[in-house]
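# Fold and contact review
Given next are the chains, with one letter for each unit.
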Amino acid sequence: MIEMAKCPVCGKPLDWGELVEQMLSLENAEETLRDRERFLKAIEEFAFRCSHCGEEFYGKYLPREEAEKVFELLNEFKGSVDWENKRVRLRLNSLLALDKMLENWDKKMKG
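Rules of the game
- Sequence order as written defines residue numbering, which begins from 1 separately in each chain.
- Reporting in this predicted model follows two pLDDT cut-offs: at least 70 for local features of residues, and 80 or more for side-chain atom pairs to be given and counted; totals over whole chains, interfaces and linings ignore these cut-offs and use all residues.
- With hydrogens and water excluded, all non-hydrogen atoms of the structure serve as input to the side-chain values.
- Runs of H or I in DSSP of at least four residues are treated as helices and runs of E of at least two as strands, each being numbered from the N terminus.
- For a compact globule the rule gives 2.2 Å times the number of residues to the power 0.38, and the radius of gyration it is set against comes from C-alpha atoms.
- Three exposure classes are used, based on accessible area relative to the maximum for each residue type with a 1.4 Å probe and protein chains only: buried under 20%, partly exposed in between, and exposed over 50%.
- Remark: nonpolar core denotes a set of buried residues (Ala, Val, Leu, Ile, Met, Phe, Trp, Tyr, Cys) joined through side-chain atoms within 4.5 Å.
- Here, two residues are considered to be in contact whenever any of their heavy atoms come within 4.5 Å of each other.
- Lines are fitted to the C-alpha atoms to define the axes, a helix being fitted only along its stretch in contact, and any angle between axes, read from their N-to-C directions, falls within 0 to 180 degrees.
- Small angles under 35 degrees read as roughly parallel and large ones over 145 as roughly antiparallel, with 65 to 115 read as roughly perpendicular and the rest as oblique.
- The nonpolar class holds Ala, Val, Leu, Ile, Met, Phe, Trp, Tyr, Cys and Pro. Asp, Glu, Lys and Arg form the charged class, and all remaining residues, Gly among them, are polar.
- Pairing of aromatic side chains here covers Phe, Tyr and the six-membered ring of Trp, requires ring centres within 6.5 Å, and sorts the geometry by plane angle: under 30 degrees stacked, over 60 edge-to-face, intermediate tilted.
- By this rule, a helix spans an expected 1.5 Å times one less than how many residues it contains.
- Each direction from the helix axis to a C-beta atom contributes to the arc, which is the arc of those directions.
- A pair is scored as a salt bridge if a Lys or Arg side-chain nitrogen falls within 4 Å of a carboxyl oxygen belonging to Asp or Glu.

To continue, consider the overall build of the chain. Within the chain, the regular secondary structure consists of 5 helices and 4 strands. For the chain, the C-alpha radius of gyration of 14 Å lies close to 13 Å, the compact-globule estimate for 111 residues. For the C-alpha atoms alone, the extent of the chain along its principal axes is close to 45 × 35 × 25 Å. Out of the 111 residues in the chain, the part that is buried amounts to 34%.

The structure is reproduced here in structure tokens:
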């Protein structure tokens, strides 16, 4: 089983697409999503709301490695964000899980 980001309050798995959608309300969100350092800083400082328990938590409690990969995925796929409707079009959790599985496979094959 691949571990993904969990709510630091209730422990339930989080959907990165939903988390990024919460950030789309930020001023200059488009520019933030294009600049790696700005994006990671914004994630750390943003107060997210868990879709399971409704509690707020800061992004600094999310795994940085996953946040970095989310940034790459959002910028790798053209049209990954529907700016007009403030929606993320990618299934970020699925792509992160696939990436992790391929990483683990590479380690096994090289090991």
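Picking up where we left off.
On to unusual backbone geometry, then. At Asn 28, a residue that is not glycine, the phi angle is positive and equals roughly 60°. Of note, Asn 28 is situated in the loop between α1 (16–23) and α2 (29–34). Its relative accessible area of 42% is what places Asn 28 among the partly exposed residues. With a phi close to 50°, Lys 86 is a non-glycine residue in the positive phi region. One can find Lys 86 in the loop between β3 (81–82) and β4 (87–88). Given the relative accessible area of 42%, Lys 86 is considered partly exposed.

Here we take up the nonpolar core. In terms of nonpolar packing, the biggest core is built from 29 residues, with Trp 16, Phe 39, Leu 62, Leu 74 and Leu 92 touching the most fellow members. The set of elements that each furnish at least two residues to this core consists of α1, α3 (36–45), α4 (64–76) and α5 (92–110). Residues within four places of Trp 16 in sequence aside, it is in contact with Ala 5, Ile 43, Leu 62, Pro 63, Glu 66, Ala 67, Val 70, Leu 92, Asn 93 and Leu 96.

So, about the packing of α1 against α5. Axis angle and axis distance: for two packed helices, these are the angle between their axes and the distance between the axes, and together they describe the pair. One can describe the packing of α1 onto α5 by two numbers: an axis separation of 7 Å at closest approach and a directional angle of 130°. Classified by the angle between their axes, α1 and α5 sit oblique to one another. Contact residues: Trp 16, Gly 17 and Val 20 in α1; Leu 92, Asn 93 and Leu 96 in α5. Looking at side-chain class alone, the contact of α1 with α5 contains 4 nonpolar, 2 polar and no charged residues.

What the rule picks out here adds up to 3 aromatic pairs. One aromatic cluster in this structure is built from Phe 46, Phe 48 and Phe 57.

Let's shift gears to α5. Over its 19 residues, α5 runs 27 Å from end to end, which matches the ideal 27 Å to within 8%, given 1.5 Å per residue. Every buried residue of α5 is accounted for by Leu 92, Leu 96 and Ala 97. All buried residues of α5 project into a common sector of 135° when viewed along the axis, lining one side. Opposite the packed face of α5, turned more than 90 degrees from it, sit the exposed residues Trp 105, Lys 108 and Met 109.

Let us now look at the pattern of salt bridges. When the charged atoms of two side chains lie near each other, side chains of opposite charge can form a pair. Evaluation of the coordinates by the stated rule reveals 11 salt bridges. The partner of Glu 30 in a salt bridge is Arg 34, and the shortest N-O contact between them spans 3.0 Å. Taken together, the residues Glu 30 and Arg 34, both in helix α2 and 4 residues apart, mark about one turn of the helix. Residue classification places Arg 34 among the exposed residues on the basis of a relative accessible area of 53%. Between Lys 69 and Glu 72 there is a salt bridge, and its shortest N-O distance comes to 3.1 Å. Of this pair, Lys 69 and Glu 72 are both found in helix α4, 3 residues apart, which corresponds to roughly one turn of the helix. Residue classification places Glu 72 among the partly exposed residues on the basis of a relative accessible area of 30%.

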